[in-house]
Every structure is written in C-alpha cells, then in structure tokens.
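# Fold and geometry: a report
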Amino acid sequence: MCNYQGGNVTGAGCRSDGRLLAALFTWASAHGARGLNHVHAAYFWKHGRRIRGLAANSNLTDGRQIFAVPEQLILRPGHPKVAESPFGTVTSWFDRLGPTRLILYLAAQRRALQNGHQSFWEPWLRCLPTAEELALDHPVYADEQLLMSFAVL
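Chains are numbered independently. Their residues run from 1 in the order of the written sequence. This being a predicted model, a pLDDT of at least 70 is required before a residue's local features are given, and a value of 80 or more before pairs of side-chain atoms are given or counted; all residues contribute to the totals for chains, interfaces and linings. Hydrogens and waters are ignored; side-chain quantities use all the structure's heavy atoms.

The next point concerns the pairing of strand E4 (residues 49-56). Think of it this way: DSSP has to see at least two bridges between two strands before they count as a pair. In this description a helix means any DSSP run of H or I spanning at least four residues, a strand means any run of E spanning at least two, and both kinds are numbered starting from the N terminus. Note: strand E3 (residues 39-46) against E4, eight bridges, orientation antiparallel. Its bridge partner being in E4, Ala42 is matched across the sheet by Gly53. Linkage of E3 to E4, two consecutive antiparallel strands, is achieved through a turn of two residues, within which His47 is found at a positive phi near 50 degrees.

Laid out in structure tokens, this is it:
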C-alpha cells in the first residue's frame, strides 16, 4: 500500500518521486520544455483518493502560458522515434483499443532499460507509476463513485 504524507510517498513497492521527477524536468528542459519552474508534481486528495498531477507554483492568471512542451517530447504513434523503430509500420486489429506500434515501442524501450541499455525516454519511463500505484490511482481501477467525482471535468 502506498501512503502520501508530508509530500512523500512511502510504503512497500512505492517510490519517492522527487529524484525521478527532478530528472524528468531536467531532461525535458534540456530538450526544449519551457516554464517547468512554474509547476511541480504533487499528489492531491480527491474524494478520499490520492491522485497524481501537476500544481502551479503561484496564482494563475487568464491567458498566461504556464509551461510548454515541444512536440519532440510528446510521445505518440507518429513520433519520429516510433516511426523509425521496427514497430513504426505495425498495425493490428488491436489498434481500435490502443495504438499497437506505440505500445510495442514503449515495451521495447522499457525492456532496453531493464537490460542496461539506454533510451531517449528513460527519464519519462522511470516516472511512470508501478502496477501497484496504478491500482490505487488509475481510472481503469477506479470505482464508480470516484469516476463520477471527475465527471464535471
């Protein structure tokens, strides 16, 4: 079980996101992201459940850009790194449920990291929640009451 107390995530199988998120923000900034000093990652309580997200470091004003992430850092099925990979042309009946080429690409990148190889996406991949964390927070695992609490969004 993961617990959130005083800005820290603790418990068996949980990770402290601080170092990982600092590495992610440094990587993103080095690759053109701007304004990340205006936000920080945080856990929030919504209807008795912990959720992970970004919080502003100051009051927001209408029309003000908070941060910007360049297209090269937005991982999608048509991203050049995915397109250039062995999975770049993969299509499947499974595509109606999710982009097969992207799923295969990410699985290969994660496996490369597990085998001691490098990946351009390493800082981002290392920030992804564990299966245990997903079970606590992800909508796929959410009960109907939690889903309804987000319906207004």
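Moving on from the model shown.
So, about the pattern of salt bridges. Basic side-chain nitrogens of Lys or Arg form a salt bridge, by our definition, when they fall within 4 Å of a carboxyl oxygen of Asp or Glu. Per the stated rule, a full pass over the model turns up two salt bridges. In this structure, Glu71 engages Arg76 in a salt bridge whose closest nitrogen and oxygen atoms are separated by 3.0 Å. Partly exposed describes any residue whose relative accessible area lies between the buried limit of under 20% and the exposed limit of over 50%, with all areas from a 1.4 Å probe on protein chains only and scaled to the type maximum. Taking relative accessible area as the criterion, Glu71 reaches 55% and is therefore assigned exposed. The salt bridge involving Glu122 is made with Arg126; its shortest N-O contact spans 3.0 Å. Taken together, the residues span about one helical turn, with Glu122 and Arg126 both in helix H4 (residues 122-127) at a distance of four residues. Residue classification places Arg126 among the partly exposed residues on the basis of a relative accessible area of 39%.

Residues grouped as a nonpolar core are buried Ala, Val, Leu, Ile, Met, Phe, Trp, Tyr and Cys residues, joined through side-chain atoms within 4.5 Å. Core analysis: the largest hydrophobic core is formed by 19 residues, its most contacted members being Leu24, Trp27, Ala28, Leu36, Leu75 and Trp121. Sorting the residues of this core by element identifies helix H1 (17-30), helix H3 (100-114) and H4 as the ones contributing at least two each. The element that contributes the greatest number of residues to this core is H1, accounting for six residues. Only heavy atoms matter for contacts: two residues are in contact if any of them lie within 4.5 Å across the pair. Contact partners of Leu75, with chain neighbours within four places excluded, come to Val82, Leu102, Tyr105, Leu106, Trp121 and Trp124.

Bringing the packing of aromatic side chains into the picture now. In summary, the pairing rule links any two rings of Phe, Tyr or Trp, Trp by its six-membered ring, whose centres are within 6.5 Å, and it sorts them by plane angle into stacked for under 30 degrees, edge-to-face for over 60 and tilted for everything else. Going through the model one piece at a time under the given rule, you end up with three aromatic pairs. In textbook terms, an aromatic cluster arises when at least three aromatic residues are bridged by ring pairs, as seen for Trp27, Phe120 and Trp121. Look at NZ for Lys and CZ for Arg. If either is within 6 Å of the ring centre and within 35 degrees of the ring normal, a charge sits over the ring. When the ring centre of Phe120 is taken as origin, the NZ or CZ atom of Lys81, which lies over that ring, is 4.6 Å away.

Here the term patch refers to residues with relative accessible area over 30% and no salt bridge, with like charges joined within 9 Å and nonpolar side chains (Val, Leu, Ile, Met, Phe, Trp, Tyr) within 5 Å. Accessible areas in this description were obtained via Shrake-Rupley with a 1.4 Å probe; residue shielding takes into account the shown protein chains only. Taken together, Leu54, Phe67, Val69 and Ile74 make up a surface patch of nonpolar side chains, about 310 Å² in accessible area. With respect to the element layout, Phe67 can be found in the loop between E4 and helix H2 (80-83). Taking the relative accessible area as the measure of exposure, Phe67 reaches 32% and is therefore partly exposed.

So, on to the confidence of the model for the protein. If pLDDT is low for a region, its predicted coordinates should not be looked at in detail. Known as pLDDT, the predictor's per-residue confidence is scaled from 0 to 100. Summing up the model confidence of the protein, the mean pLDDT is 80 and the portion of residues at 70 or higher is 86%. Throughout residues 1-15 the model reports pLDDT below 50, and contacts reaching past four residues in sequence, or to other chains, amount to 37 contacts.

You can see Gln109 is positioned in helix H3. Ignoring anything within four residues of it in the chain, the contact list for Gln109 reads Ser119, Phe120, Trp121 and Leu125.

Moving on to the side chain of Ser119. Take Ser119: it is sitting in the loop between H3 and H4. On the basis of relative accessibility, which here comes to 10%, the residue Ser119 falls in the buried class. Within the structure, Ser119 has its side chain in polar contact with the side chain of Gln109 (distance 2.5 Å). Other than its neighbours up to four places away in sequence, Ser119 contacts Gln109, Leu113 and Leu125. Counting of polar contacts relies on pairs of N or O atoms within 3.5 Å, with two restrictions inside protein: one atom must be capable of donating a hydrogen and the other of accepting it, and residues adjacent in sequence are counted only when both atoms are side-chain atoms.

Let us look at H3. The terminal C-alpha atoms of H3 lie 21 Å apart, and with 15 residues this matches the ideal 21 Å at 1.5 Å per residue to within 8%. Among the residues of H3, Thr100, Leu102, Tyr105, Gln109, Ala112 and Leu113 are the ones counted as buried. Of the surrounding secondary structure, the elements contacted by the buried residues of H3 are H2 and H4. Phi turns positive one or two residues past the end of H3, at Gly116, with a value near 85 degrees. Between the first and last residue of a helix there are one fewer steps than residues, each counted as 1.5 Å, and that sum is the expected span.

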